[in-house]
Amino acid sequence: MDNMSIQNNFVLGFQTLTILTMENTLKVHRTSNGVEFVRTPDSCFENVRFPGIDYRPKYIEIDGLRVHYVEAGPVDGQPILMLHGEPTWSYLYRKMLPIMAAAGYRAIAMDFIGAGRSDKPIHLEYFDYIKMSNQIKEFIDKLQLENVTFVGQDWGAYIGLRTVGMHPNSFGRVVLMNGQLPVLPEGMIPYKQVDNPDELDADLKPFYINWPHDMYGNQVPFRDENGKLIIDVDFDKIFVGWMAYTLKSPTFKPHNTVDGMTWFPLSEADKQAYDAPFPSRKYMALPRYWPSMMLQVPGLNKDAWEGLLQFKKPFIVIYAPNDPGILGSVETYQKYIDQIPGAKNQAHSTVSQASHFLQEDQGEEIGRRVVEFIRKNPIN
């Protein structure tokens with residue numbers, strides 16, 4: 001064994017020992033209906049900043065668990081609800097919040113249960129696609145929000161668009177960003193389930209380390225000016241590997257994923273902020289499981305899609321083509337642009353120098369586009 005292999009094994013062993021030590025000493029809570037969860041200590045967020053707003057954590061209770069959200073802007077302003085995906089939290093929207101607030105809107109970024117400063121159930125089985133969609137509706141109802149402008153990306157869109165389709169009267173507008181509503185036929189098995197999800201496997205590697213760029217530096221274009229991929233990507237193979245990596249790798253960290261799927265490199269402060277909610281593996285059930293949630297989806301979203309097909313309120317697509325997967329493909333969004341009534345005559349657009357986490361790369365520009373979209377589409 002060479003010196004590099006010995007060094008890597010030592011570091012990995014130390015990381016694994018640290019994780020196990022932290023997990024053996026942390027306090028596990030239990031809700032009245034028996035859900036076991038952990039709560040990230042406030043000390044983990046001491047150095048986290050939301051520039052441009054007076055950031056004070058706010059909480060409500062859903063399913064016996066504390067749900068965190070960030071809010072900026074006048075409390076009587078029209079509400080904008082922003083939902084993150086895997087493996088991020090409301091910090092992803094920090095560049096958009098002050099722009100929306102300054103425009104007079106009530107800008108809200110929620111942390112899903114299992115992410116950010118929200119409580120974190122420790123068992124993978126807690127996380128259910130329909131339950132998470134219903135929790136969005138409960139969040140809206142508890143805050144008494146009306147005519148919500150929904151902004152969703154990644155799983156924030158996968159889950160949030162179901163909420164829109166099933167409860168259209170709660171929403172006044174929709175902004176879809178690098179995400180979709182997965183509509184799969186009942187009985188379909190889209191991917192093979194990962195065996196033994198709680199076993200650590202140090203040999204698993206994230207897909208983005210093989211991109212034709214330094215994952216910690218600026219990306220190179222993945223598509224040409226017509227949106228066609230100029231690199232060879234087998235998305236299904238990538239996704240199967242991603243399911244296994246997030247579930248089983250002892251080195252899975254949110255900041256690595258965000259850094260690998262953005263155009264610009266993250267600062268050290270931003271890396272720490274993305275990791276802050278997850279001080280050990282015990283806190284990471286949701287980001288670990290989220291890709292595998294796709295196995296729950298077949299047969300569930302037909303009614304939600306029918307609801308979107310009747311959605312006549314303003315609907316806009318803003319996406320980054322340099323997302324190398326299907327979420328960067330124009331074909332993914334064309335059905336929304338062509339078939340949803342509210343998408344007609346809207347200024348759908350792409351975002352340059354941005355990748356999957358486009359809010360991180362171009363949050364200020366996207367914030368301005370969302371404000372313009374709202375102003376051009378007033379609620380009657």
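A quick note: this is a predicted structure, and the numbers were derived from the prediction, not measured.

## Some points on the pairing of strand S5 (residues 79-83)
Taking burial as the measure, the five residues of S5 include five buried ones, the bulk of the element. Burial along S5 is two-sided: the residues Pro79, Leu81 and Leu83 and Ile80 and Met82 are all buried. Bridge count for S5 against strand S6 (residues 106-110) is five bridges, and the pairing is parallel. Bridge pairing links Ile80 to Ala107 in S6. For the handedness criterion, the β-α-β arrangement of S5, helix H2 (residues 97-102) and S6 is classed as right-handed.

## Structural notes on empty space enclosed by the protein
Counting across every chain of the model gives one cavity of 30 Å³ or more. For the largest cavity, the calculated volume is near 40 Å³.

## Description of the environment of Ile62
When you line up the elements, Ile62 lands in strand S3 (residues 58-62). Note on Ile62: relative accessible area 2%, which makes it buried. A C-alpha to C-alpha distance of 8.7 Å links Ile62 and Ile113, two positions 51 residues apart in sequence. Beyond its immediate chain neighbours, meaning those up to four positions away, Ile62 contacts Val67, Ile113, Gln135, Glu138, Phe139 and Lys142.

## Overview of the pairing of S3
Sheet topology note: the S3/strand S4 (residues 65-72) ladder contains five bridges and is antiparallel. Residue pairing across strands places Ile60 opposite Val67, the latter belonging to S4. Hairpin remark: S3 followed by S4, antiparallel, with two residues in the connecting loop; positive phi at Asp63, about 60°.

## Side note on the pattern of salt bridges
A side chain of one charge can pair with a side chain of the opposite charge when the charged atoms of the two come close. Using the criterion set out here, one finds 18 salt bridges in the structure. Taking the shortest distance from any N to any O, the salt bridge between Arg30 and Glu36 comes out at 3.0 Å. What makes Arg30 exposed here is its relative accessible area of 56%. In this structure Glu36 comes out as partly exposed when scored by relative accessible area, which is 23%. Of the charged contacts in the structure, one is a salt bridge between Glu365 and Arg369, with a shortest N-O distance of 2.9 Å. Of the two residues, Glu365 and Arg369 both sit in helix H11 (residues 358-376), four residues apart, roughly one turn of that helix. Judged by its relative accessible area of 21%, Arg369 falls in the partly exposed class.

## Quick word on the packing of aromatic side chains
Ring pairs (aromatic) are described by centroid distance and by the angle formed between their planes. On inspection of all chains with the given rule, the structure shows 24 aromatic pairs. With a centroid separation of 4.7 Å and 35° between ring planes, the pair formed by Tyr191 and Phe239 is classed as tilted. In this pair, Tyr191 sits in the loop between strand S9 (171-177) and helix H5 (235-248) while Phe239 sits in helix H5, placing the two residues 48 residues apart along the sequence. Here the aromatic rings of Trp242 and Phe252 are separated by 5.9 Å at their centres, their planes lie at 85°, and the arrangement is edge-to-face. With Trp242 in helix H5 and Phe252 in the loop between H5 and helix H6 (254-260), this residue pair connects regions lying 10 residues apart in the sequence. Look at Phe252 and you get buried, because its relative accessible area is 3%. Three or more aromatic residues link up through ring pairs in this structure, and these residues are Phe45, Phe50, Tyr55, Trp89, Tyr91 and Tyr274. Against the face of Tyr126 rests Lys131, its NZ or CZ located 3.6 Å from the ring centre.

## Things to note about helix H3 (residues 129-142)
Its 14 residues give H3 an end-to-end C-alpha distance of 20 Å, which sits within 8% of 20 Å, the value for a rise of 1.5 Å per residue. All of the buried residues along H3 are Tyr129, Met132, Ser133, Gln135, Ile136, Lys137, Phe139 and Ile140. Near the N-terminus of H3, the side chain that reaches the backbone nitrogen of Ile130, with its oxygen 3.2 Å away, is that of Asp128. In the stretch just after H3, Gln144 is the one whose phi turns positive, near 55°.

## Thoughts on the sheet that holds strand S7 (residues 120-121)
Ordered in space as S1-S2-S7, the three strands form an open sheet in which the pairing is antiparallel. Among the strands making up the open sheet, the edge pair consists of strand S1 (29-30) and S7. Pairing between strand S2 (residues 36-38) and S7: two bridges, direction antiparallel. If you follow Phe37 over to S7, its bridge partner there is Pro121.

## Considerations on the nonpolar core
The nonpolar side chains of soluble globular proteins are, as a tendency, buried together. Formed by 61 residues in total, the largest nonpolar core has its most connected members in Phe139 and Phe315. Per-element accounting of this core gives the leading share, six residues, to helix H4 (residues 155-166). When neighbours within four sequence positions are excluded, Phe139 is seen to be in contact with Ile60, Ile62, Val67, Tyr69, Leu81, Ile108 and Met110. Ranked by size, the runner-up nonpolar core spans 56 residues in total, among them Phe50, Tyr283, Ala320 and Phe373.

## As for H5
Look at H5: 20 Å from first C-alpha to last across 14 residues, which is about the 20 Å you get at 1.5 Å a residue. For H5, the set of buried residues is Ile238, Phe239, Trp242, Met243, Ala244, Tyr245, Thr246, Leu247 and Lys248. Buried residues along H5 sit in contact with H6 and helix H8 (285-289).

Calculation notes
- Residues numbered from 1 in each chain as written.
- Predicted model: local features only at pLDDT ≥ 70, side-chain atom pairs only at ≥ 80, totals over all residues.
- Heavy atoms only, no water.
- Buried < 20%, exposed > 50% of the residue type's maximum accessible area, 1.4 Å probe, protein only.
- Helix = DSSP H or I, 4+ residues; strand = E, 2+ residues; numbered from the N terminus.
- Pairing = 2+ DSSP bridges.
- Right-handed = clockwise from strand over helix to strand, strands pointing away.
- 1 Å grid on protein atoms, 1.4 Å probe; cavity = no way out; pocket = protein on both sides within 12 Å on 5 of 7 lines; lining within 4 Å.
- Points joined across faces, edges and corners; volume = space filled by probe spheres on them.
- Contact = heavy atoms within 4.5 Å.
- Salt bridge = Lys/Arg side-chain N within 4 Å of Asp/Glu carboxyl O.
- Phe/Tyr/Trp six-rings, centres within 6.5 Å; stacked < 30°, edge-to-face > 60°.
- Lys NZ or Arg CZ within 6 Å of the ring centre and 35° of its normal.
- Expected span 1.5 Å × (residues − 1).
- Polar contact = N/O pair within 3.5 Å; in protein donor to acceptor, adjacent residues only side chain to side chain.
- Core = buried A, V, L, I, M, F, W, Y, C linked by side-chain atoms within 4.5 Å.

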